[in-house]
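# Examining the three-dimensional arrangement
So the chains spell out like this:
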Protein chains: 2
Amino acid sequence: MPEKAPWVTYRPELKVLDCTVRDGGLVNAHRLSDEFVLAVYATCIAAGIDYMEVGYKNSVRLFPPAEFGPWRHCDEGLLNRVFEHHDAEKTGLKLAVMADAGKSDWREVLVPCHESVLDVIRVAFYAHQVSEAVEMIEYAADLGYETSANLMAVSSISEVEIDTVLDAIRPTRASTVVIVDSFGHLYRERIEALYRTYSAAMAGTGKQIGIHAHNNLQLGFANTIDAIILGANRADATMGGFGRGAGNCPMELLLGFLRNPKFKLRPVVELLQNHIEPLRETTHWGPSLPYNITGQLNRHPNAAIKFLEGADNKNYLRFFDELVRDC
Amino acid sequence: MPEKAPWVTYRPELKVLDCTVRDGGLVNAHRLSDEFVLAVYATCIAAGIDYMEVGYKNSVRLFPPAEFGPWRHCDEGLLNRVFEHHDAEKTGLKLAVMADAGKSDWREVLVPCHESVLDVIRVAFYAHQVSEAVEMIEYAADLGYETSANLMAVSSISEVEIDTVLDAIRPTRASTVVIVDSFGHLYRERIEALYRTYSAAMAGTGKQIGIHAHNNLQLGFANTIDAIILGANRADATMGGFGRGAGNCPMELLLGFLRNPKFKLRPVVELLQNHIEPLRETTHWGPSLPYNITGQLNRHPNAAIKFLEGADNKNYLRFFDELVRDC
């Protein structure tokens with residue numbers, strides 16, 4: 001990896017992944033209409049985005065269809081129907097799903113890659129689940145998929161745990177290892193340290209480093225830029241920053257920053273106008289004080305989501321005092 | 001200046017300036033109640049903030065009192081009445097005002113520092129006004145004030161112009177030179193380059209470098225951190241990021257980041273709950289797509305403000321197309 005990446009112009013090897021449907025879908029238990037998903041899909045193609053993550057491939061037993069929308073399971077029937085005419089080569093867009101260790105019946109549901117519209121399986125896991133994650137990655141690779149290893153909540157574990165996980169991931173066929181700031185807690189200093197750790201651990205394997213940031217401290221975009229400057233070649237974002245709680249790195253800011261002329265901002269503006277901004281009438285996301293506080297305290301945003309859904313949701317002082325007391 | 005500042009712990013010499021009333025006041029032509037201003041004042045003291053900028057000292061001829069609130073002029077009578085019992089030494093808080101070159105009758109309105117509750121005059125100017133700015137700084141310094149030089153809209157001028165301005169400021173008694181990203185256009189790379197330019201130009205003078213960031217690209221806080229990491233010892237912020245258009249670096253994020261135990265977050269949470277969040281019912285500020293676009297295109301946010309006040313204010317595509325065409 002170069003000490004300073006040539007980011008001011010552009011790197012053709014830098015690829016952008018849209019996770020609006022997968023991560024944003026957590027806002028409403030993945031009850032997203034086909035129309036919405038297809039609008040995001042058309043936008044990804046028009047904007048020159050490289051990957052679109054269309055949902056989770058998680059267990060119907062753990063996430064009953066009565067409570068969770070279809071993009072939580074992404075069964076092959078759904079994908080074949082909605083993306084019937086998908087052509088990764090012609091569109092330049094690869095479709096991906098995320099499968100969580102401990103939450104996915106991956107042995108039962110994954111079909112060979114050439115039978116699926118999917119090209120990529122992203123394996124998400126907590127540190128203690130790394131053994132299953134390795135099995136999942138290898139299983140998906142055997143089926144012909146491109147894979148990635150997404151170690152979640154990295155701000156909540158120690159350096160030694162991180163090293164252990166990276167040692168286990170290194171020999172797998174995962175093509176990407178993603179720095180995942182689930183709690184939106186990391187300042188630039190930590191992004192840099194993690195990038196150097198991940199990059200050193202994967203040196204010589206050809207694996208790419210990715211970045212997946214949340215916006216609790218209004219650093220989702222800034223941390224994504226920082227990782228890119230250091231050399232990360234895979235960046236996650238969502239349209240309008242759509243996502244649970246404080247949301248994600250906003251695609252419109254990321255594409256505005258990148259200098260590769262294949263990326264087009266206008267289709268994203270159109271999607272925001274027609275499909276994302278209207279959601280704000282019924283759904284709230286984006287940084288606000290309760291998420292600032294969970295981010296600063298390195299806590300899961302659930303505490304803030306619960307507070308905001310409660311009756312006393314203007315009483316920021318109570319929320320602050322309770323969280324400080326609990327730490 | 002050290003190559004890498006010891007920012008992870010804290011630097012006692014790092015000082016925070018609240019400009020909620022001065023810069024945030026632009027939202028409603030500085031028609032802010034005494035009660036609001038005093039609530040911010042009490043919060044600054046309780047939170048350990050070093051400076052509070054209470055408004056502009058600008059001309060009543062150019063800003064007639066029928067159209068502009070009292071914090072646009074900050075006449076000494078107002079300040080003496082509202083801050084009657086102010087004691088900078090006891091509270092640890094210095095009061096500041098901003099005077100704009102070309103918009104301030106500074107020779108008529110400035111009184112000797114020992115006759116005023118003010119300790120600091122911040123002189124704001126565009127590059128072409130630097131000669132008047134130098135006169136203003138020296139005049140205020142003669143009256144006993146601490147002064148700062150705030151070159152505005154630095155993203156819209158060339159390196160040669162910046163050098164010329166810094167050469168003119170260097171021999172003055174300004175104790176601080178502030179990097180001002182008026183359009184919220186700067187990425188980290190430019191913040192770094194500007195910091196190094198300002199810092200080299202002021203080397204040996206004892207002058208401090210300050211940072212004043214806007215949030216068009218959701219980088220207000222990130223750029224403030226970046227400048228602090230590089231060595232900037234003066235940082236501007238507003239409560240809740242309150243400010244015209246996309247707003248400013250939010251004080252609650254800045255204080256959460258700083259490790260000096262004198263800074264307290266809780267009083268800011270209380271102010272946000274009781275005085276800032278309620279303003280959102282009638283006033284909009286903070287990053288959104290139109291401000292993202294003006295920020296990316298290095299345009300004054302007025303274009304976005306005008307668009308958002310218009311009847312067709314959901315038609316982001318029209319706004320985007322018009323701005324791209326005009327560039």
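The structure presented is a predicted model; accordingly, all values stated were derived computationally and were not measured. (Residues numbered from 1 in each chain as written. Chains lettered and ligands numbered in written order. Predicted model: local features only at pLDDT ≥ 70, side-chain atom pairs only at ≥ 80, totals over all residues. Heavy atoms only, no water.)

This part covers the relation of the copies chain B and chain A. Each copy of the sequence occupies a distinct position, and chain B is placed on chain A by a rotation of 180° and an axial shift of 0.0 Å, giving an RMSD of 0.0 Å. Such a combination of rotation and displacement between the chain copies is what one expects of a two-fold axis. Comparing contact sets, 100% of the residues at the interface of chain B also lie at the interface in chain A, consistent with an isologous, same-surface contact. (Least-squares fit on C-alpha atoms with pLDDT ≥ 70 in both. Contact = heavy atoms within 4.5 Å.)

On to the pattern of salt bridges. For the coordinates displayed, the defined rule picks out 40 salt bridges over all chains. Taking the shortest distance from any N to any O, the salt bridge between Asp23(B) and Arg22(B) comes out at 3.1 Å. Connected through salt bridges with shared partners, the residues Arg22(A), Asp23(A), Glu53(A), Arg122(A) and Asp236(A) form a single ionic network. (Salt bridge = Lys/Arg side-chain N within 4 Å of Asp/Glu carboxyl O.)

So, on to empty space enclosed by the protein. Residues and elements named next belong to chain B. Counted under the stated rule, the structure contains 6 cavities of 30 Å³ or more. Taken as a whole, the largest cavity spans an internal volume of roughly 110 Å³. Along the walls of the largest cavity sit 14 residues, with Leu17, Tyr51, Arg122, Thr176 and Arg234 positioned nearest its centre. Every element with two or more residues in the lining of the largest cavity is listed here: β1 (15-18), β4 (120-125), β5 (146-151), β6 (176-180) and β8 (234-237). (1 Å grid on protein atoms, 1.4 Å probe; cavity = no way out; pocket = protein on both sides within 12 Å on 5 of 7 lines; lining within 4 Å. Points joined across faces, edges and corners; volume = space filled by probe spheres on them. Helix = DSSP H or I, 4+ residues; strand = E, 2+ residues; numbered from the N terminus.)

Time to look at the side chain of Thr176(B). With respect to the element layout, Thr176(B) can be found in strand β6. Beyond its immediate chain neighbours, meaning those up to four positions away, Thr176(B) contacts Thr147(B), Ser148(B), Ala149(B), Gln208(B), Ile209(B), Gly210(B) and Arg234(B).

Residue and element names in this part refer to chain B. One closed barrel accounts for 8 strands, arranged β1-β2-β3-β4-β5-β6-β7-β8; its pairing is parallel. For this sheet, the mean inter-axis angle between neighbouring strands, taken without regard to orientation, is 25°. Sheet contacts for helix α7 (residues 188-201): β5, β6 and β7 (208-212); angle to β6, the most-contacted strand, approximately 160°. (Pairing = 2+ DSSP bridges. Axes fitted to C-alpha atoms, helices over the stretch in contact; angles between N-to-C directions.)

So, about the interface of chain B and chain A. Facing the 37 residues of chain B at the interface are 37 residues of chain A. Counting each side, the surface lost to burial between chain B and chain A is near 3500 Å², with a carbon and sulfur contribution of 63%. Linking chain B with chain A are 4 salt bridges, by the criterion used here. Across the pair Asp321(A) and Arg266(B) runs a salt bridge, and its minimum N-O distance is 2.7 Å. (Buried area = accessible area lost by both parts, 1.4 Å probe.)

Residues and elements named next belong to chain A. Sheet architecture is closed into a barrel: 8 strands sit in the order β1-β2-β3-β4-β5-β6-β7-β8, paired in parallel fashion. On average, adjacent strands in this sheet sit at an angle of 25° to one another, irrespective of strand direction. Of the strands in this sheet, β5 (146-151), β6 (176-180) and β7 (208-212) are in contact with helix α7 (residues 188-201), which crosses β6 at around 160°.

One pass over the full model with this rule turns up 22 aromatic pairs over all chains. Relative to Phe68(B), the ring of Phe63(B) lies with its centre 5.0 Å away and its plane at 85°, an arrangement referred to as edge-to-face. Here Phe63(B) and Phe68(B) have matching classes, each one buried. Aromatic rings pair up to connect Phe36(A), Phe242(A) and Trp285(A) into one cluster. (Phe/Tyr/Trp six-rings, centres within 6.5 Å; stacked < 30°, edge-to-face > 60°. Buried < 20%, exposed > 50% of the residue type's maximum accessible area, 1.4 Å probe, protein only.)

Residues and elements named next belong to chain A. One can read the domain layout of chain A as domain 1 (15-281) and domain 2 (289-326). Taking only C-alpha atoms into account, the centre of domain 1 sits 26 Å from that of domain 2. Counting residues at the interface gives 12 residues for domain 1, matched by 12 residues for domain 2. Interface area for domain 1 against domain 2, summed over the two sides, is near 940 Å², with a carbon-plus-sulfur share of 55%. It is Phe183, Asn216 and Arg244 in domain 1 that bury the most area against domain 2; as a group they hold 51% of the surface buried on that side. The interface formed by domain 1 and domain 2 includes 0 salt bridges. Linking domain 1 with domain 2 are 5 residue pairs in polar contact (both at pLDDT 80 or more). Classifying every residue of the side of domain 1 that touches domain 2 by side-chain character gives 4 nonpolar, 7 polar and 1 charged. (Domains from an automatic or database assignment. Polar contact = N/O pair within 3.5 Å; in protein donor to acceptor, adjacent residues only side chain to side chain. Nonpolar A, V, L, I, M, F, W, Y, C, P; charged D, E, K, R; others polar.)

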